[in-house]
Each structure stands twice: as C-alpha cells, then as structure tokens.
Amino acid sequence: MVLECKHVWDYISGYLDNTLPADTLRLVQEHLDHCEICSAVLDSTRNILILTADDRVFELPLGFSDRLHARLDEELNNRMQTSE
Amino acid sequence: MNGSESHRDESKMIAAILGGDTQLFHDLIRPYERTVYVMALSFMRNESEAEDVSQEAFLQAFRKLDCFRGESKFGTWLISITLNEARGRLRRNKILKMDSLDEPDDEDGHISPALLRDWKEIPSEALERKEMQQLLESAVSELPLIYRETFLLRDVEELSVAETAELLSISISLVKVRLHRARMMLQRSLAARLKAMNPKRRWFLWS
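Source: prediction; values computed, not measured.

**Points about the overall build of chain B**
- Across its full length, chain B carries 10 helices and 0 strands.
- Reading chain B from its N end, one meets helices and strands in the order α-α-α-α-α-α-α-α-α-α.
- Across the 207 residues that make up chain B, the buried fraction comes to 35%.
- A separation threshold of at least 6 residues defines the contact pool for chain B, and within that pool the share at least 24 residues apart is 68%.

**Here we look at the domain arrangement of chain B**
Residues and elements named next belong to chain B.
- If you check the domain split of chain B, you get domain 1 (3-96) and domain 2 (124-197).
- Taking the mean C-alpha position of each, domain 1 and domain 2 sit 21 Å from one another.
- At the junction of the two partners, domain 1 supplies 9 residues and domain 2 supplies 8 residues.
- Mapped by element, the contributors of at least two residues to the side of domain 1 that touches domain 2 are helix H3 (33-44) and helix H5 (74-93).
- Grouping the amino acids of the side of domain 1 that touches domain 2 by side-chain chemistry returns 4 nonpolar, 4 polar and 1 charged.

**Section: the packing of helix H8 (residues 145-156) of chain B against helix H10 (residues 172-197) of chain B**
Residues and elements named next belong to chain B.
- At their nearest, the axes of H8 and H10 sit 8 Å apart, and the two run at 95° to each other. As judged from the angle between their axes, H8 and H10 are roughly perpendicular. Where H8 abuts H10, its residues Ile146, Tyr147, Thr150, Phe151 and Arg154 lie against Val175, Arg178, Leu179, Arg181, Ala182 and Met185.
- Residue composition of the contact of H8 with H10, grouped by class: 7 nonpolar, 1 polar and 3 charged.

**Some remarks on the interface of chain A and chain B**
- Listed per partner, the contact involves 34 residues of chain A and 42 residues of chain B.
- Within the residue set of the side of chain A that touches chain B, elements represented by two or more residues are helix H1 (5-10), helix H4 (36-52) and helix H5 (64-83) of chain A.
- Broken down by element, the residue count for the side of chain A that touches chain B peaks at 13 residues, all from H4 of chain A.

**Details of H10 of chain B**
- The terminal C-alpha atoms of H10 of chain B lie 36 Å apart, and with 26 residues this matches the ideal 38 Å at 1.5 Å per residue to within 8%.
- The largest bend in H10 of chain B is about 40°, located at leucine 190 of chain B.

**A closer look at unusual backbone geometry**
- Its identity is not glycine, yet asparagine 18 of chain A carries a phi of approximately 60°, on the positive side.
- Within the secondary structure layout, asparagine 18 of chain A lies in the loop between helix H2 (12-17) and helix H3 (22-34).
- Judged by the 7 C-beta atoms lying within 10 Å of it, asparagine 18 of chain A falls in the exposed class.
- Positive phi values are uncommon outside glycine, yet arginine 45 of chain B reaches one of about 55°.
- Topologically, arginine 45 of chain B is positioned in the loop between H3 and helix H4 (47-63).
- Take arginine 45 of chain B: there are 16 C-beta atoms within 10 Å of it, and that puts it in the partly exposed class.

**Observations regarding the environment of aspartate 118 of chain B**
- Here aspartate 118 of chain B is to be found in the loop between helix H6 (96-101) and helix H7 (130-141).
- Overall, aspartate 118 of chain B belongs to the exposed group, with 11 C-beta atoms counted inside 10 Å.
- Between the C-alpha atom of aspartate 118 of chain B and that of aspartate 66 of chain B, which follows or precedes it by 52 residues, the distance is 54 Å.
- Not counting the four nearest positions on each side in its chain, aspartate 118 of chain B is found in contact with Glu36 and Ala40 of chain A.

**What to know about the nonpolar core**
All names here are of chain B.
- With 62 residues, the main nonpolar core has Val36 and Ala40 as its most contacted residues.
- By residue number, the principal contributor to this core is H10, which donates 9 residues.
- Other than its neighbours up to four places away in sequence, valine 36 contacts Ser54, Ala57, Phe58, Leu78 and Thr82.

**Here we look at the confidence of the model for chain B**
- Per-residue confidence for chain B gives a mean pLDDT of 87, with 85% of residues at or over 70.
- Model confidence for the complex is summarised by a pTM of 0.86, with the ipTM given as 0.89.

**Quick look at the packing of H3 of chain B against H8 of chain B**
Residue and element names in this part refer to chain B.
- Taken N-terminus to C-terminus, the directions of H3 and H8 make an angle of 160°; their axes are 10 Å apart at the nearest point. When the interaxial angle is binned, H3 and H8 end up roughly antiparallel. In the crossing of H3 with H8, the sense of the turn from one axis to the other is right-handed. Only Arg148, Glu149, Leu152 and Val156 of H8 make contact with H3, whose side of the interface consists of Val38, Met39 and Ser42.
- In terms of residue class, the contact of H3 with H8 is made up of 4 nonpolar, 1 polar and 2 charged.

Each value, and the rule that gives it
Residues numbered from 1 in each chain as written. Chains lettered and ligands numbered in written order. Predicted model: local features only at pLDDT ≥ 70, side-chain atom pairs only at ≥ 80, totals over all residues. Helix = DSSP H or I, 4+ residues; strand = E, 2+ residues; numbered from the N terminus. Buried ≥ 20, exposed ≤ 12 C-beta atoms within 10 Å, placed from the backbone. Contact = placed C-beta atoms within 7 Å. Domains from an automatic or database assignment. Nonpolar A, V, L, I, M, F, W, Y, C, P; charged D, E, K, R; others polar. Axes fitted to C-alpha atoms, helices over the stretch in contact; angles between N-to-C directions. Parallel < 35°, antiparallel > 145°, perpendicular 65-115°, else oblique. Expected span 1.5 Å × (residues − 1). Bend = angle between axes of the 7 residues up to and from the residue. Core = buried A, V, L, I, M, F, W, Y, C linked by C-beta atoms within 7 Å. pLDDT = per-residue confidence, 0-100. Left-handed = near helix turned anticlockwise from the far one by under 90°.

Encoded structure:
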C-alpha cells in the first residue's frame, strides 16, 4: 500500500509524538523519504511547535508578578486579621 | 510548566500553609505564574483581562486550598481553577457566543497544511526578535478556542493527553484530533510568513 500525501498529513501529529503503530510508521516513513513536500510540511510543523513552546513567546506582562504578589499579600493579611 | 516544582514537596508546603504559614503560598505558586497567565490569555485574548483572571485564580486557589485533595497535581488543579474563572468571566462579558462562532462545526474535516518544497530551520535564537514572538502569539490566539486551549495545554504547557482530556472534560481521542488540527492550522497560517522572515544570512557566526 502506498500512501498519498493527504493521508500522510493526517499522520503528522502522530509521527511527531511517536504514537503511530509500527506498520503505519513504516508507510509514512517510506513516503517521507521520497516526498519533498511532505518532508517540508513535517519539518515546518516540528519547527513551529518548538518555537511556539519557547518561554520567550507568551511572556508575562511587565510587573505581573509584583502586582500578583501584592494582591495576594492583601488577602493573606486580611486572613491573618480575621483569624486573630 | 517548568520542571522546578518537581524538586519541591508541594504537599508539605500546602500542609504548612493550611497550618498557618500563609506566606509560603507566595513560594508555592511562583512556578505556575506563567502557566496560569498563558491559559487565562488563551481565553480572554486581552492582556489586562488575562492578568485579572490570573490574580483571581490564584486568590481562589488560596481560599479553596483546603479543598485540594492531592488527587491531581497542584499545577493541574490550579489550571482547572483558571479555566473556570476565565469561562465565568467570558460568560459575564457575554462574548462566549461570539467565540463559539469561530468553532468549526465540522469536526471530521481535513486540515490541509501549507505546501512547501523545502524548509530551512528557524533556530530558537530568532525569538530574540519581538516581531517573531508577536507573529507566533497572534497565530495561536487566532485559533478557535477549542483548538487553542488543547494546543496550549499539550504543546506549550506540556501536560499529558490524559491530563488535558480531564481538564477540558473531553475524551482522549478528541484531545488528539484537536491537537492535530491545531498544529496543522498553525503550520498553515505560519509556514509562509515565517519563511519570509527567515533571513538568508546565517544565525550563527562560525568562528
């Protein structure tokens, strides 16, 4: 059985997560070995996932932590007063 | 979520906080600030609302700390509080209806990726550029909510498929389907734009 490109795209996530059954993996790998388009789809997807998961994306706003802990302090202090 | 929490005994910290050492709560939550903010942002799509939701989620966590049973990880429990808080806020803002419009009806449709003949790897150093960070952030925030939340929990916060399914109250197979679609949507929206931004010059200076 030979896979068409559009079927290979359905397996890209499973391929990246290494969750494909052995025989599917073999078929996908055979296809990737000779199809430059599907290889580029795979490489670009992998690259995009690595970049998006980087800590520099979705940075906390400046001062976020200070404001959060100041607000928590108000709550903690109130709690202390009410329990006294 | 980063791995630093694994070196701490969180159940001991929680017991101490419940026992009266409330200041320890500051330390308990420090490793989760970014996770909570990112999940709040994925719902609110607005920095200042996401910050409000985050603060509220941490306050709720403090107030309800005695309800934490330790059946899930503390981080997962915090995320579930954050998701509830964000959903409640969206309902109050009455924008949930608007967001549901961008959820595709057809759960079975294929998502075709952007087709390229080759891909030149973009190294993580490229993220030093603000425009690169913003491009990625906006591509994620443009995903429909059901894909955005799945993608962030799995690929950004690195939760397991089972934890993601539990937090979103969906099946494991649906997590996999949504994750795959989210990734393909991102590839489709980003591949060409990233390729155009990847300069021809080398990123590394070989010495």
